[in-house]
Amino acid sequence: MAPVMSDPAIALRYPRRSLRRAERAFRCSPFRLDLLGDMRSRSISIRQVCGPAGVKSRYSHRPLAELRAENEMMWLIAVGLLRREVDGQGLTDSFRLTPMGRQVFEQLSLLSPAQYRPSLGDHFYNAWCRWVRWPYGLGL
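The structure presented is a predicted model; accordingly, all values stated were derived computationally and were not measured.

Caption draft 1: Here's a closer look at the pairing of strand 4 (residues 82–87). Relative to strand 5 (residues 90–97), strand 4 is paired through five bridges, and the arrangement is antiparallel. By the bridge assignment for strand 5, Leu-82 is matched with Leu-97. Hairpin remark: strand 4 followed by strand 5, antiparallel, with two residues in the connecting loop.

Caption draft 2: Inspection of the state of the cysteines at higher detail. Considering all chains together, one arrives at zero disulfides under this definition. No disulfide involves Cys-129; its sulfur sits 9.7 Å from the nearest other cysteine sulfur, which is in Cys-28. Of the residues examined, Cys-129 reaches a relative accessible area of 5% and is grouped as buried.

Caption draft 3: Expanded view of the nonpolar core. One finds Phe-26, Met-73 and Leu-82 to be the most contacted residues of the largest nonpolar core, which totals 31 residues. Those elements giving two or more residues to this core turn out to be helix 1 (16–28), helix 2 (33–39), helix 3 (46–49), helix 5 (66–78), strand 5 and helix 6 (99–109). In this structure, Met-73 is in contact with Phe-31, Leu-35, Met-39, Ile-46, Val-49, Leu-82 and Phe-95, ignoring residues within four places of it in sequence.

Criteria and cut-off values
- Residues numbered from 1 in each chain as written.
- Predicted model: local features only at pLDDT ≥ 70, side-chain atom pairs only at ≥ 80, totals over all residues.
- Heavy atoms only, no water.
- Pairing = 2+ DSSP bridges.
- Helix = DSSP H or I, 4+ residues; strand = E, 2+ residues; numbered from the N terminus.
- Disulfide = S-S within 2.5 Å.
- Buried < 20%, exposed > 50% of the residue type's maximum accessible area, 1.4 Å probe, protein only.
- Core = buried A, V, L, I, M, F, W, Y, C linked by side-chain atoms within 4.5 Å.
- Contact = heavy atoms within 4.5 Å.

So, in structure tokens, the structure goes:
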């Protein structure tokens, strides 16, 4: 397991398998690393990610429909990278990084563009994981 060191008093440990799955999920997503970088300090609304605004903010490679952006964000929540922002009235349309997401961002930010690019095998494995959606604790 790898420790997360955001606060010296708190060290969270995640299984390497979970970290690899979360990293692969983000690399296979249509999002850019700038999205995770901005999510470290503030919440990002789905409206900032979809359409031309997402490309202009360098959050996505191409304009995304709101439904597609939402589905991709929900997968990143499922693998532990993101969490949904909550206000006094319930869930909002904004997202933030989890502690695991911070660690994955730190790992990915060290990679060159060639190392960051997912392989065809990464895309197939990520698609398989999304399709199967194992319950927590049963593998992958």
